[in-house]
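# Secondary and tertiary structure notes
Here are the chains, one letter per residue:
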Amino acid sequence: MSTTTPTPTPVSPPVPGPAADAAPATPGRGSGTRRLLAALPDAVRKLDPRVMVRTPVMFVVLVGSVFTTVLALREPGDPFGWAITVWLWLTTLFANLAEAVAEGRGKAQADTLRRARTGTVARRLTPVGTEEKVPGTDLRVGDRVVCEAGDVIPGDGDVVEGVASVDESAVTGESAPVIRESGGDRSAVTGGTRVLSDRIVVTITARPGETFIDRMIRLVEGADRQKTPNEIALTILLASLTLVFLLAVVTLKPFAMYAGADGRTSLVVLTALLVCLIPTTIGALLSAIGIAGMDRLVRRNVLARSGRAVEAAGDVSTLLLDKTGTITLGNRRAAAFLPVRGVTEAEVAEAAQLSSLADETPEGRSIVALAHGTYRVGERHPDELPHATWIAFSARTRMSGVDAGGRRIRKGAAGSVLAWVEEHGGTVPGDARELTDRIAAAGGTPLLVAVEDAGRARVLGVIHLKDVVKEGMRARFGELRRMGIRTVMITGDNPLTARAIAEEAGVDDYLAEATPEDKLALIRREQAGGKLVAMTGDGTNDAPALAQADVGVAMNTGTSAAKEAGNMVDLDSDPTKLIEIVEIGKQLLITRGALTTFSLANDVAKYFAVIPALFAAAYPSLDRLNVMRLASPESAILSAVIFNALIILALVPLALRGVRHRAAGADALLRRNLGLYGLGGLVAPFIGIKLIDLLLSLLPGIG
Amino acid sequence: MSPVLAGILQLLALVVALGLAYRPLGDHMARVYTSSRHLRAERWIYRAIGADPDSEMRWPAYLRGVLAFSAAGVLFLYLLQRLQGSLPGSLGFVSIDPDQAFNTAASFVSNTNWQSYAGEQAMGHLVQTGGLAVQNFVSAAVGMAVAVAFVRGFARSRTGELGNFWTDLVRGVTRVLLPLSVAGALVLVACGTIQNFSGVHEVGRFLGGTQQWNGGAVASQEVIKNLGTNGGGYFNANSAHPFENPNPVSNLFQIFLILLVPVALTRTFGRMVGSVRQGYAILATTGVIWLVLTALMLTTEFAGRGPAFELAGGAMEGKETRFGIAGSSLFAVATTLTSTGAVNSFHSSFTGFGGGIAMLGMQLGEIAPGGVGSGLYGMLIMAVVAVFLAGLMVGRTPEYLGRKIGSREITHAACYLLVTPALVLGLTAASVSLDGPAGATTNTGAHGFSEILYAYTSAAHNNGSAFAGLHADTPWFNTTLGIAMLLGRFLPMVFVLALAGSLARQVPVPATAGTLRTEKPLFSGLLAGTVAIVAGLTYFPALALGPLAEGLAA
């Protein structure tokens, strides 16, 4: 039995998040057996017919088990009848065990989450502005609560006042604190997380019992699990196959009587044959596959609202990816200083550096670094110029600079600097425009550097800011293309810039100067053509598009509106994860298809074992079908039943882990899986049944 | 020339002839069912039956048309037989008994043409030509209409409309079956098949009694019998009768006629869904199954062992010397793989395996190439099931021709697949359990079981061929076989049309590199495998107790 123990879950503490992710599912044998044993009580509890009837195939096995038990009780002296009965019960139990093991993986995570939820006391603000202490469970939507350093946030909500660093490790598993502040896209807080510093006021947006953590608990426990559309379709197909086999076996009794083989076809034997033939392998593992698929997502720190979304991910044919943070590194970097005619590179570099010292944005810092590094301009510090006036970069002016020693230096977005120059009596040289156009055409962002000395403002040169495409993205997009998925880059940049980056990154298409409405329109257009669209988003203005997309992944750092609109939440807020989500969706479907094919292909060998066993006495010629040369009719039938039960256990690890998925076209995947699970399913039982028969034939009374 | 070589040459000739006819006929049918023009004669018909040929029907309306038309056909044929004695053109034959009249009416309307009567001893000119031959045309046209409606389910999108049943029915007759029949009848007459309205002739003495032959419009009925995959012969001996099928050339021509329309319909399918390669893929699956079964049949029949076989030069019992083993084997496979059921030899007298191959041909669902129309929709249903399994294995929710196969679609396909096994196995089980029906066999043991299994297999799959040996003209068999024929024909049509309705409503999913390519050889092979495994798993125990037990004993 030890060879068939399923791969258990990590032995590390069951904390959701990277900690759990870090321990791959390859522990030793001992813990696997332990996990099976731990799941045993659950498996027995699942024998409840009201639960089993939801899986038609296994319900038939349950009825068969009860039936053979009754038959065995009526004839207690028949060891064969008892042996069949025991193995039929084991078949049922193994199926439940598979599901229980799959569910068990989520249970531990749920317990940790539950600890984070219980026993919070909220400091509610009354309308008159005083505080009152109420249990977290008494909070209503719209209540305002105060949280200070050390407090656990009592419920999901939006920060309406203040800034605080928050420890969200209870939800994300990430120990580094995050900043949450009122207004903007970083205002959402999750109940159960802890404020580390400062004071915030939070408006509660979720009722107790419906908070994010509550939903997570239900999700990982599988309490909300509903059959997905494809799972329903497969269940229907399996049920109809079960009916066909029921027909074949029930009519076999009169056929056998006509053939004079009544003696061999006892009701025990026919029940055994039925259980062997109906697709028990996939029937037993179907729900475990679904649960494990969700679990694989949770392990990658993605929470899916429903299994339906995971399934849809496998079907996605268009992937909308935000440029910034997904395709390119979050920030642009300065790549070159280009002087206008009559100005030297060193002058531009020096002015660019000075004007960027007060610019704390990553772009500003990259300009200083470039000037110091590549252009060898001496390092400068703001305190070197005590009388200078520093102008920090702001989103409104889109410029930064310094006024010192009679010079006023400015650097910033082309439009803003040009306006500043003209305002200060300067003219713009033609080659400045030429340079900016050239940079824009190459996909870069031009920043202008200008100076006002001697009463006149003039442009010194241009800074070339460049997006840096993340390493390995080109290869990833190539993989997606082979899988038949089109990638579309979404960016606020102008079309020229967008095209250059799209080409560099290797995406199939781009949407430039994209507004949220454009995004929504693009999704609708793709969907009208029958395509399924996946996207990520975090801002409130992404919410409509997230809701419209077939797979909408909201970043955990995003607003609660975005999280509400999407059907998945990525706790790591890593937009590239969309690609992994698609792969998990595909893997889920492939595992189902592979095990169904395997299950059906198995039946051929079972017929070759059982039919000669039943009828070789009536028609000796049929013994020629006994190609496995099984020892006796009893051992043949019992071997088929035992194989049928053990194969469920043997395939539990595969069901939990999922069939290996490779980024390849449909033809290659089909050829590989058909060979592995179709032909494998045809051959494996011939070997397995023969081996079991060899062992059984050693037993007295059977062989 | 050795008989084996002759057989191979016949097979080659057949493949070449079908290959030549494939494109023109397939394209012609695609035009027939998509054109918006009506012939003048067709307008008269529409006016006469009060149909608006340009209105579109959703699947329930289409189905109502099919069922109403067929019910009227059953009633008309039943009354015609029951009243034969009082009507002109009876050749002096009396009216048919109720159970046999029901059986025959069900049989011809369901395109089965199971015959529990001997034509030349029971049916006069009026019933034969005015009743049975007419149904030979229209029952075939109904099958084609349903197939075309199903194909429209794949070809159309965002609509529930599947075309107009009356238009499809009428055009199938006027533009496909009638012109081909006229040409085919001329060829048959040239081969020596008779065509007249002469009465009963006494032709000398035989075994101490007089022998009677009657003439009739045989060639005209013969051509549609094969072309429409009907199979009901003018004479009891069917295509073994020299008046129906005089020589090896007419024999080969009849096999060609049997396969012609079902094979060409795969082209029509490809044309209508806008990808002839999809049609080729279905054709390839069909061709592989047909060739494999033909090769197996030729092998087992030529490999007959034992002194009796040696003396006769092979398994010649029950076969006509003018066709030989090859001509009989080719015919037997063609007639059972389509829903024709015409025979030029006695399938009961084939080797054990040979009889099993004939039975398996029907149990595969009569889809390679199958009956006119019914073969195409049967194979497409199998394709839906194959796509479901294979589609999952490429990591997408399954889709065929851009249509998603969800729970609604798979439910219809699964119900379709359940109908015939339930009828065949259920009624066979009932028959072998009852003393009367079980005693109606000529043989006992495995061969006796095959006689009954074959009868219900043939009826439920609308084949109509008989194994011989079973005394089927009893109230039990006439009634249960009649029910099997009607349910085996029309229940699947319900599911086919319902499936077409839900397919036509969908927005097609565009194909990408991640889409399962259903026009590739890999899929054709997978489809053939699915067909084999579904039929094999359903019927293996039954086949083991009949033809396998017999064949393995030889």
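As a starting point, this report considers the structure included with it. Sequence positions are assigned chain by chain, starting from 1 and proceeding in written order. Starting at A for chains and at 1 for ligands, labels are handed out in the order in which the entities are written. At least 70 in pLDDT is required for a residue's local features to be given in this predicted model, at least 80 for side-chain atom pairs to be given and counted, and no such filter applies to totals for whole chains, interfaces and linings, which use all residues. Heavy atoms throughout the structure, all of them, feed into the side-chain values; hydrogens and water do not.

This part covers the pairing of strand 18 (residues 486–490) of chain A. Residue and element names in this part refer to chain A. Each residue is assigned to one of three classes by its accessible area relative to the maximum for its type, calculated with a 1.4 Å probe on protein chains only: buried under 20%, partly exposed between the two thresholds, exposed over 50%. Strands here are runs of E lasting at least two residues and helices are runs of H or I lasting at least four, both read from the DSSP assignment and numbered beginning at the N terminus. Of all five residues in strand 18, four are buried; the element is thus mostly enclosed. The pairing criterion for strands is at least two bridges between them, as found by DSSP. Sheet topology places strand 11 (residues 318–322) next to strand 18; five bridges connect them, and they run parallel. Bridge assignment links Leu 320 to a residue of strand 18, and that residue is Val 488. Alignment of strand 18 against strand 19 (residues 509–511), held across three bridges, turns out to be parallel. Paired with Val 488 across the strands is Asp 509, a residue of strand 19. You can see the chain leave strand 18, run along helix 18 (residues 495–505) and come back into strand 19, and the turn it takes is right-handed. Call a crossover right-handed when, viewed with both strands pointing away from you, the route from the first strand across the helix to the second goes clockwise.

Attention shifts here to the pattern of salt bridges. All names here are of chain A. Salt bridges are defined as contacts in which a side-chain nitrogen from Lys or Arg sits within 4 Å of a carboxyl oxygen from Asp or Glu. All chains considered together, the criterion is met by 49 salt bridges over all chains. Glu 452 serves as the salt-bridge partner of Arg 408, at 3.1 Å between the closest nitrogen and oxygen. Here the residue Arg 408 occupies a position in strand 15 (residues 407–413), and Glu 452 occupies one in strand 16 (residues 445–453), the gap between them amounting to 44 residues. In this structure Arg 408 comes out as partly exposed when scored by relative accessible area, which is 29%. You can call Glu 452 buried: its relative accessible area is 12%. Where Asp 570 meets Lys 577, a salt bridge forms, and the shortest distance between an N and an O atom there is 2.9 Å. Taken as a pair, Asp 570 and Lys 577 share a single burial class, namely buried. The structure contains a network of salt bridges with shared partners spanning Arg 123, Glu 131, Glu 148, Asp 151, Glu 161 and Arg 199.

Let's shift gears to helix 13 (residues 345–356) of chain A. Helix span, as expected, comes to 1.5 Å for every residue beyond the first. Over its 12 residues, helix 13 of chain A extends 16 Å from the first C-alpha to the last, a length consistent with the 16 Å expected when each residue adds 1.5 Å. Among the residues of helix 13 of chain A, Val 348, Ala 349, Ala 351, Ala 352, Gln 353, Leu 354, Ser 355 and Ser 356 of chain A are the ones counted as buried.

With that settled, the discussion passes to the sheet that holds strand 7 (residues 188–189) of chain A. All names here are of chain A. With antiparallel pairing, six strands are arranged side by side in an open sheet as 2-1-3-9-4-7. Since the sheet does not close on itself, it has two edges, and those belong to strand 2 (131–135) and strand 7, each with one partner. Here strand 1 (residues 121–125) pairs with strand 3 (residues 144–148) via two bridges, running antiparallel. The partner of Arg 123 across the bridge, within strand 3, is Val 146.

Here we come to the interface of chain B and chain A. In this description, contact between two residues means that some pair of their heavy atoms is separated by no more than 4.5 Å. Opposite the 61 residues of chain B that make contact, chain A presents 62 residues. By convention, the term buried area covers the 1.4 Å-probe accessible surface removed from two parts as they join, with the contributions of both added. With both chains or domains summed, chain B and chain A bury close to 5000 Å², and 76% of this area falls on carbon and sulfur atoms. Ranking the residues of chain B by area buried against chain A places Met 393, Leu 537 and Leu 545 of chain B at the top, with a combined share of 15%. Scanning the region where chain B abuts chain A turns up two salt bridges. Note that Lys 520 of chain B is salt-bridged to Asp 667 of chain A, the shortest N-O span being 2.8 Å. We call two N or O atoms a polar contact when they sit within 3.5 Å, provided that within protein one can donate a hydrogen and the other can accept it, with sequence-adjacent residues counted only if both atoms are side-chain atoms. Where chain B meets chain A, there are 14 residue pairs in polar contact (both at pLDDT 80 or more). Of all the secondary structure elements, the ones that give two or more residues to the side of chain B that touches chain A are helix 14 (374–393), helix 15 (407–433), helix 17 (445–460) and helix 19 (521–553) of chain B. In this classification, Asp, Glu, Lys and Arg are treated as charged, Ala, Val, Leu, Ile, Met, Phe, Trp, Tyr, Cys and Pro as nonpolar, and every other residue, Gly included, as polar. For the side of chain B that touches chain A, a count of residues per class yields 38 nonpolar, 18 polar and five charged.

So, on to the sheet that holds strand 6 (residues 178–181) of chain A. All names here are of chain A. Here three strands make up an open sheet; going across it, the order is 6-5-8 and the pairing antiparallel. Because the sheet does not close on itself, it has two edges, and the strands there are strand 6 and strand 8 (194–197). The sheet shows a mean angle of 50° between the axes of neighbouring strands, direction not considered. Direction of pairing for strand 5 (residues 163–167) relative to strand 6: antiparallel, over a ladder of four bridges. When the sheet's bridge partners are listed, Val 163 is paired in strand 6 with Glu 181. Axes here mean lines fitted to C-alpha atoms, for a helix over just the part in contact, with angles spanning 0 to 180 degrees between N-to-C directions.

Everything listed here is a matter of coordinates, which is why it stays silent on function.
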